[in-house]
Amino acid sequence: MSARANRNAAHIARAIAVLNAGGLIGLPTETVYGLAADASNPLAVAKIFAAKGRPADHPVIVHLANAQQIRDWATDIPDAAWTLAAAFWPGPLTLILKRAPHVLDAVTGGQATVGLRVPSHPMAHAVLAGFAATRPGRPAGIAAPSANQFGRVSPTTAQHVRDEFGSAVELVLDGGACEVGIESTIIDCSAGTPRILRPGFINADAMAAALGDVLEGNPPEEPHPPTVLAKPAATSAATPRVSGSLDAHYAPRTPTIVAAGPEFAAALAAQGEKRIAVLSFSTTRVPNTRHWLASTQPSIYAHNLYSHLRAMDIAACDLILVEAPPQGPEWDGVNDRLRRAAHGSQFG
Ligand code: TXA
Ligand code: MG
């Protein structure tokens, strides 16, 4: 083993020990860094909420080493969930399913459902598999919301996590910059037609294709429900709570405007002497601005988005101005996060 691999193995072993002792770790995943604790330990889960300043009724995702572990955490698992797990796990997709009886209320936010995800980041997988090996025959899951203060921009590097929590988190594993860069797609498979609760890298078209193929290949004996995915619904008492669906989520502290085409140019012109941090698709520089160049590739845009927002937020500017990306399923995740970032400010 190389010195680096040895060091990683030692960090992973320490992370598993911290989890088993009821502590918190910073866990790299392919989406964003998580603030992780043993999902079966109520005191450990409580530490996540305390560190983040997160309201107690907001559920957290349970991370697993493999899809077989779904059965340890959920009941009444529909075929659609197995199909999506087979198509997209390990990867940036969270399934909402009916909870198994033992799942802590602190994890589900007191709801009848639980969010489950098998991440693909090799370090996350090593921690999850190693953690499961320490408790054979018992459910082994790691509860992990994004490792940011409640309502703030999610972290995509180990340094972001240290910036958010300092010494409050015992150990931050450094798995490099997160590949995907925005949080997992969340799909509710707990009742009826699967419904997207939070868009992300795995988009509606990809999931509809995965579900459609299976239904075509395996004609059911009974008529089956439509394969089209239900559209995200406005939050109501009847829909599960998603803290990321709060309008002011993922917000920088600096007022933020997202504007398209001519409105973007007009917003730029209207700012007078204000110092502006600009994220745009054009390289044209404007006086009084600091400029970040946006990628026209949705996956690269997403990969850089939170690093850009964090950098723009500490650039001592009066305003963050973002040129709106195109519409379309592959931009849904990015547009959702930008809309929430802008909603956190008085400007829109
Ligand atoms: O990519 C991700 O999902 C990252 C990494 C660390 O895995 N995690 C993440 O966690 O974004 P968090 O807590 O920041 O966002 C998870 C969202 C929350 O908005 C929460 O409300 C929702 O998932 N959620 C969790 N369990 C749920 C449930 N049973 N029903 C509805 N929403 C749920
Ligand atoms: Mg979050």
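Residues numbered from 1 in each chain as written. Chains lettered and ligands numbered in written order. Predicted model: local features only at pLDDT ≥ 70, side-chain atom pairs only at ≥ 80, totals over all residues. Heavy atoms only, no water.

(A) View of the packing of aromatic side chains. Tallying each qualifying case throughout the model produces three aromatic pairs. For the pair Phe281 and Trp331, a centre-to-centre distance of 6.5 Å together with 90 degrees between the ring planes defines the contact as edge-to-face. Taken together, the positions of Phe281 in the loop between β12 (276–280) and β13 (289–293) and Trp331 in the loop between β14 (319–323) and α11 (332–343) put the pair 50 residues apart, joining distant regions of the chain. By relative accessible area, Phe281 is classed as partly exposed at 24%. Here Tyr301 and Trp331 contribute two aromatic rings whose centre-to-centre distance is 5.5 Å and whose plane-to-plane angle is 80 degrees, an arrangement assigned as edge-to-face. Highlighted residues: Tyr301 in helix α10 (residues 298–313) and Trp331 in the loop between β14 and α11, separated in sequence by 30 residues. Overall, the relative accessible area of 3% leaves Tyr301 in the buried class. Here the aromatic cluster, defined as three or more aromatic residues joined through ring pairs, consists of Phe281, Tyr301 and Trp331. (Phe/Tyr/Trp six-rings, centres within 6.5 Å; stacked < 30°, edge-to-face > 60°. Helix = DSSP H or I, 4+ residues; strand = E, 2+ residues; numbered from the N terminus. Buried < 20%, exposed > 50% of the residue type's maximum accessible area, 1.4 Å probe, protein only.)

(B) Quick peek at the pairing of β12. Burial within β12 is extensive, with five of its five residues counted as buried. Residues Ile276, Val278 and Ser280 line one face of β12 and the alternating positions Ala277 and Leu279 line the opposite face, and both faces are buried. Here β12 runs beside β13; their pairing, made up of five bridges, is parallel. Note on β13: the bridge partner recorded for Val278 is His291. Across four bridges, the pairing between β12 and β14 is parallel. If you follow Val278 over to β14, its bridge partner there is Leu321. (Pairing = 2+ DSSP bridges.)

(C) Region of interest: the nonpolar core. By size, the foremost hydrophobic cluster in this structure holds 46 residues, and its most contacted members are Ile70, Leu84, Leu93, Leu95, Leu97 and Leu116. Beyond its immediate chain neighbours, meaning those up to four positions away, Leu84 contacts Trp89, Leu93, Leu95, Ile187, Cys189, Met207 and Leu211. Listed in part, the 22 residues of the second largest apolar core include Val180, Leu309, Cys317 and Val334. (Core = buried A, V, L, I, M, F, W, Y, C linked by side-chain atoms within 4.5 Å. Contact = heavy atoms within 4.5 Å.)

(D) Local environment of the sheet that holds strand β11 (residues 256–259). Strand order across the open sheet formed by four strands is β11-β14-β12-β13, with parallel pairing between neighbours. Whereas interior strands pair on both sides, the edge strands pair on one side only; in this sheet they are β11 and β13. Between one strand axis and the next, the sheet turns through 20 degrees on average, direction left out of account. Helix-sheet contacts for α10 involve β12, β13 and β14, and the interaxial angle to β12 is about 170 degrees. (Axes fitted to C-alpha atoms, helices over the stretch in contact; angles between N-to-C directions.)

(E) Spatial organisation of the pattern of salt bridges. Inspection of every chain in the model, using the stated rule, returns ten salt bridges. When the shortest N-O distance is used, the salt bridge between Glu183 and Arg337 registers 2.7 Å. Highlighted residues: Glu183 in the loop between β8 (171–172) and β9 (185–188) and Arg337 in helix α11, separated in sequence by 154 residues. The salt bridge involving Asp318 is made with Arg275; its shortest N-O contact spans 3.4 Å. Residue Asp318 is located in the loop between α10 and β14, and its partner Arg275 is located in the loop between α9 (261–269) and β12; the two are separated by 43 residues in the primary sequence. (Salt bridge = Lys/Arg side-chain N within 4 Å of Asp/Glu carboxyl O.)

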